[in-house]
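Now for the letters of each chain:
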Amino acid sequence: QVQLVESGGGVVQAGGSLRLSCAASGRTFSSYIVGWFRQAPGKEREFVAAIRWNGGVTRYLDSVKGRFTISRDSALSIVYLQMTTLKPEDTAVYYCAVSQGTLMTDYENYGYWGQGTQVTVSS
């Protein structure tokens, strides 16, 4: 019902910035939660940020607060993750996901996932 496509990943020097995009098709984001998760090599998937489509309430992983900003474009059904002051530990595959539930940080609450986009931060 929902197809998600991430873009914007790449290789960046530590301290640099990237903006990831998550474009949805098939259904609108209305009443949904849209989240970003990441998975580094050899590590478990972790929550990064999420936004409630209605109202725009956001949540962030503690280690990215003040550096990452999640936002939405309601007209285009796109969610962005603006990442600044990137660190090598931010290196991971970043996934966009959509939830019809209420829990913003639990990956089990998300039913739709994109294919991911690689973010590599060089030291």
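All of these numbers come straight from a predicted model, not from anything done at the bench. (Residues numbered from 1 in each chain as written. Predicted model: local features only at pLDDT ≥ 70, side-chain atom pairs only at ≥ 80, totals over all residues. Heavy atoms only, no water.)

**Quick word on the state of the cysteines**
Overall, the coordinates contain one disulfide when judged by the stated rule. Here cysteine 22 is linked by a disulfide to cysteine 96, with a sulfur-sulfur distance of 1.9 Å. Torsion about the S-S bond of the cysteine 22 and cysteine 96 cystine: about -75 degrees, corresponding to left-handed handedness. In this pair, cysteine 22 sits in strand S3 (residues 18–25) while cysteine 96 sits in strand S9 (residues 92–99), placing the two residues 74 residues apart along the sequence. (Disulfide = S-S within 2.5 Å. Helix = DSSP H or I, 4+ residues; strand = E, 2+ residues; numbered from the N terminus.)

**A word on the side chain of aspartate 90**
Within the element layout of this structure, aspartate 90 appears in the loop between strand S8 (78–83) and S9. On the accessibility criterion, aspartate 90 (1% relative accessible area) is buried. At 2.8 Å, the side chain of aspartate 90 forms a polar contact with the backbone nitrogen of lysine 87. Those residues within four positions of aspartate 90 in sequence are excluded, and the remaining contacts are Arg38, Arg67, Phe68, Thr85, Val119 and Val121. (Buried < 20%, exposed > 50% of the residue type's maximum accessible area, 1.4 Å probe, protein only. Polar contact = N/O pair within 3.5 Å; in protein donor to acceptor, adjacent residues only side chain to side chain. Contact = heavy atoms within 4.5 Å.)

**Some words on the sheet that holds S8**
Spatially, four strands are ordered S1-S3-S8-S7 in an open sheet, and the strand pairing comes out antiparallel. Since the sheet does not close on itself, it has two edges, and those belong to strand S1 (3–7) and strand S7 (68–73), each with one partner. Strand-to-strand twist in this sheet, taken as the mean axis angle between neighbours without regard to direction, amounts to 15 degrees. Note: S3 against S8, six bridges, orientation antiparallel. Opposite arginine 19, over in S8, you have glutamine 82 as the bridge partner. (Pairing = 2+ DSSP bridges. Axes fitted to C-alpha atoms, helices over the stretch in contact; angles between N-to-C directions.)

**Brief notes about the pattern of salt bridges**
Applying the stated criterion across every chain, the model contains four salt bridges. Note that arginine 38 is salt-bridged to aspartate 90, the shortest N-O span being 2.9 Å. Taken together, the positions of arginine 38 in strand S4 (residues 33–39) and aspartate 90 in the loop between S8 and S9 put the pair 52 residues apart, joining distant regions of the chain. As a salt-bridge pair, arginine 67 and aspartate 90 come within 2.8 Å of each other at their nearest N and O atoms. In this pair, arginine 67 is assigned in the loop between strand S6 (58–60) and S7 and aspartate 90 in the loop between S8 and S9, connecting sequence segments 23 residues apart. (Salt bridge = Lys/Arg side-chain N within 4 Å of Asp/Glu carboxyl O.)

**Side note on unusual backbone geometry**
If you check the backbone angles, serine 77 has positive phi at about 55 degrees while not being a glycine. Position of serine 77 among the secondary structure elements: in the loop between S7 and S8. Serine 77 sits in the buried class, given a relative accessible area of 12%. Its identity as a non-glycine residue notwithstanding, threonine 85 has a phi of 45 degrees, on the positive side. Here threonine 85 shows up in the loop between S8 and S9.

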